Amino acid sequence: MEQTTVEQPKLLSKKDVVKAFWRWTFFSHANYNYERLQATGVVHAFSPILKKLYGKDEDEMKAALDRHMQFFNTEPSFGGPVLSMVIAMEEERASGADISDQTINGLKTGLMGPLAGIGDTLWQGTLIPILLSFTLPFGAQGNIFMGPVLFFALHWIIMTVLAYFLWIQGYEQGKEGIQKLMAGGRLSYIMTLSQTLGAIVIGSLAANFVKIATPLQVHLSGKESLSIQTDVLDSLVKGILPLGVTLLTYYLLKVKKYTPTKVLVIQIIGGAILAALGLVVNSL
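Everything numeric in this text was worked out from a predicted model, so none of it was measured. (Residues numbered from 1 in each chain as written. Predicted model: local features only at pLDDT ≥ 70, side-chain atom pairs only at ≥ 80, totals over all residues. Heavy atoms only, no water.)

**Considerations on a nonpolar patch on the surface**
Where nonpolar side chains cluster on the molecular surface, the patch consists of Leu216, Leu264, Val265, Ile268, Ile269, Ile273, Leu274, Leu277 and Leu279 and spans about 790 Å² of accessible area. Tracing the chain through its elements places isoleucine 269 in helix H10 (residues 260–276). What makes isoleucine 269 partly exposed here is its relative accessible area of 48%. (Patch = residues over 30% accessible without salt bridge, like charges linked within 9 Å, V, L, I, M, F, W, Y side chains within 5 Å. Areas by Shrake-Rupley, 256 points an atom, 1.4 Å probe, with all protein chains shown as cover. Salt bridge = Lys/Arg side-chain N within 4 Å of Asp/Glu carboxyl O. Helix = DSSP H or I, 4+ residues; strand = E, 2+ residues; numbered from the N terminus. Buried < 20%, exposed > 50% of the residue type's maximum accessible area, 1.4 Å probe, protein only.)

**Things to note about the environment of phenylalanine 165**
Looking at where phenylalanine 165 falls in the secondary structure, it is placed in helix H6 (residues 145–183). Here the alpha-carbon distance between phenylalanine 165 and proline 81, two residues 84 residues apart in the chain, equals 9.2 Å.

**Focus on the side chain of histidine 155**
By the element assignment, histidine 155 lies in helix H6. Once residues within four sequence positions are removed from consideration, histidine 155 is found in contact with Leu127, Ile128 and Leu131. (Contact = heavy atoms within 4.5 Å.)

**Considerations on the nonpolar core**
Ranked by internal contacts, the top residues of the largest apolar core, which has 40 residues, are Trp24, Phe46, Phe72, Leu83, Ile87 and Trp167. Breaking this core down by element, the ones donating at least two residues are helix H1 (14–27), helix H2 (39–54), helix H3 (58–68), helix H4 (80–94), helix H5 (101–140) and H6. Considering every element that reaches this core, the biggest residue donor is H5, with ten residues. (Core = buried A, V, L, I, M, F, W, Y, C linked by side-chain atoms within 4.5 Å.)

**Examining the confidence of the model for the protein chain**
Model confidence for the protein chain is summarised by a mean pLDDT of 82, while 84% of its residues fall at 70 or above. Mean pLDDT values for the elements of the protein chain range from 65 in helix H7 (residues 185–209) up to 94 in H1. A low-confidence stretch, residues 1–6 (pLDDT under 50), is modelled with zero contacts involving residues beyond four sequence positions or located in other chains. (pLDDT = per-residue confidence, 0-100.)

**Considerations on the environment of isoleucine 228**
With respect to the secondary-structure elements, isoleucine 228 resides in helix H8 (residues 228–236). We classify isoleucine 228 as partly exposed; its relative accessible area is 24%. Distance from isoleucine 228 to valine 218, taken between C-alpha atoms, is 7.2 Å for residues ten residues apart in sequence.

**Thoughts on the UniProt feature "transmembrane region" (unreviewed entry) in the protein chain**
Listed under "transmembrane region" (unreviewed entry) in the UniProt record, and renumbered for this structure, are residues 145–168, 189–212 and 264–281. As annotated, residues 145–168 comprises 100% helix and 0% strand, and the C-alpha atoms at either end are separated by 32 Å. Annotated as 72% helix and 0% strand, the span residues 264–281 places its first and last C-alpha atoms 18 Å apart. (UniProt positions renumbered as here; feature names shortened; annotations may be inferred.)

**Details of the packing of aromatic side chains**
If you walk through the whole model with that rule in mind, you get six aromatic pairs. Aromatic side chains tryptophan 24 and phenylalanine 72 sit 6.3 Å apart centroid to centroid with 70° between the ring planes, which places their arrangement in the edge-to-face category. You can see tryptophan 24 sitting in helix H1 and its partner phenylalanine 72 sitting in the loop between H3 and H4, a full 48 residues away along the chain. Across this residue pair, the class does not change: tryptophan 24 and phenylalanine 72 are buried. Here phenylalanine 78 and tryptophan 123 contribute two aromatic rings whose centre-to-centre distance is 5.7 Å and whose plane-to-plane angle is 70°, an arrangement assigned as edge-to-face. Of this pair, phenylalanine 78 sits in the loop between H3 and H4 while tryptophan 123 is found in helix H5, placing the two residues 45 residues apart along the sequence. When sorted by exposure, phenylalanine 78 lands in the same class as tryptophan 123, which is buried. (Phe/Tyr/Trp six-rings, centres within 6.5 Å; stacked < 30°, edge-to-face > 60°.)

**Considering unusual backbone geometry**
Backbone geometry places leucine 37, a non-glycine residue, at a positive phi of 55°. Take leucine 37: its relative accessible area is 10%, and that puts it in the buried class. Although it is not a glycine, lysine 257 sits at a positive phi angle of roughly 65°. Here lysine 257 lies in the loop between helix H9 (240–255) and H10. Judged by its relative accessible area of 63%, lysine 257 is exposed.

**Digging into the pattern of salt bridges**
Under the counting rule described, the total for this entry stands at seven salt bridges. Here glutamate 90 ties to arginine 67 by a salt bridge, and the two come within 2.8 Å at their closest N and O atoms. Of this pair, glutamate 90 sits in helix H4 while arginine 67 sits in helix H3, placing them 23 residues apart in sequence. Side by side, glutamate 90 and arginine 67 carry an identical accessibility label, which is buried.

**Here we look at H9**
If you check H9, its first and last C-alpha atoms are 21 Å apart, about what 16 residues at 1.5 Å a residue would give, namely 22 Å. Taken as a whole, H9 has its buried residues at Pro242, Thr249 and Leu252. Down the axis of H9, the sector holding all buried residues measures 90°, keeping them to one side. (Expected span 1.5 Å × (residues − 1). Arc of directions from axis to C-beta.)

**A short note on the side chain of histidine 68**
With respect to the element layout, histidine 68 can be found in helix H3. Histidine 68 sits in the buried class, given a relative accessible area of 0%. Of note is the side chain of histidine 68, whose polar atom sits 3.1 Å from the side chain of lysine 108. With residues up to four places along the chain from it excluded, the contact list for histidine 68 reads Ala39, Val42, Val43, Phe46, Leu50, Val86, Glu90, Ile104 and Lys108. (Polar contact = N/O pair within 3.5 Å; in protein donor to acceptor, adjacent residues only side chain to side chain.)

The structure is reproduced here in structure tokens:
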């Protein structure tokens, strides 16, 4: 005789899962601290879930709160599926499945880092530069709506829609779906494509918005003169000075580990000194 697998009964509704998503979205960093980082945000998002699953069992409720107050840190949007998978595991545990505290915390700690890396790369290295590439020109012209307002609206809409989709998929597909994605070659392809696209867009932004040139000229015989900017630098590499400033900024931030504030002060003071000496101008 064939053995049939008894499916665990559903104790949670989709409304419960969606409610947890919104609580996580708005409160993931509400009590961010160096001891537990996002743990209190996790507990706040899970509170209605845990009350529904373990509200009648005081010992289980205490145990659930304790295991989710452990250290947790991830990128909120792409790391969200970790928590929705945990919700599914808690639901199975409350239905009688043999799922230990170590299994639940092991899933959280094992996936929070890799998914955070994906999220940071796609948000900060790809999406934000792309959105800035077509909203910054409007902002530079003083158009508040098509500049900062449009940037904020597009960023929030894209981020929320994608985060919601991933959250629901995490709950419905479980850990097997995420593991298949991370084990396959598609993830590596997507990451490489996103990093390349982000680098291209950042290069375009630097070329269009880093404005620096030199007015220096070399006087030749007679009335002729040689422009260092037009006749020398531009003939070598177009925009070599903006490129140099961009690479210097990257070097100070990435290699020297300077803070953004320190780099900004260096740029302001250095630019003021060079401009006072007549070596550079701030507009091409």
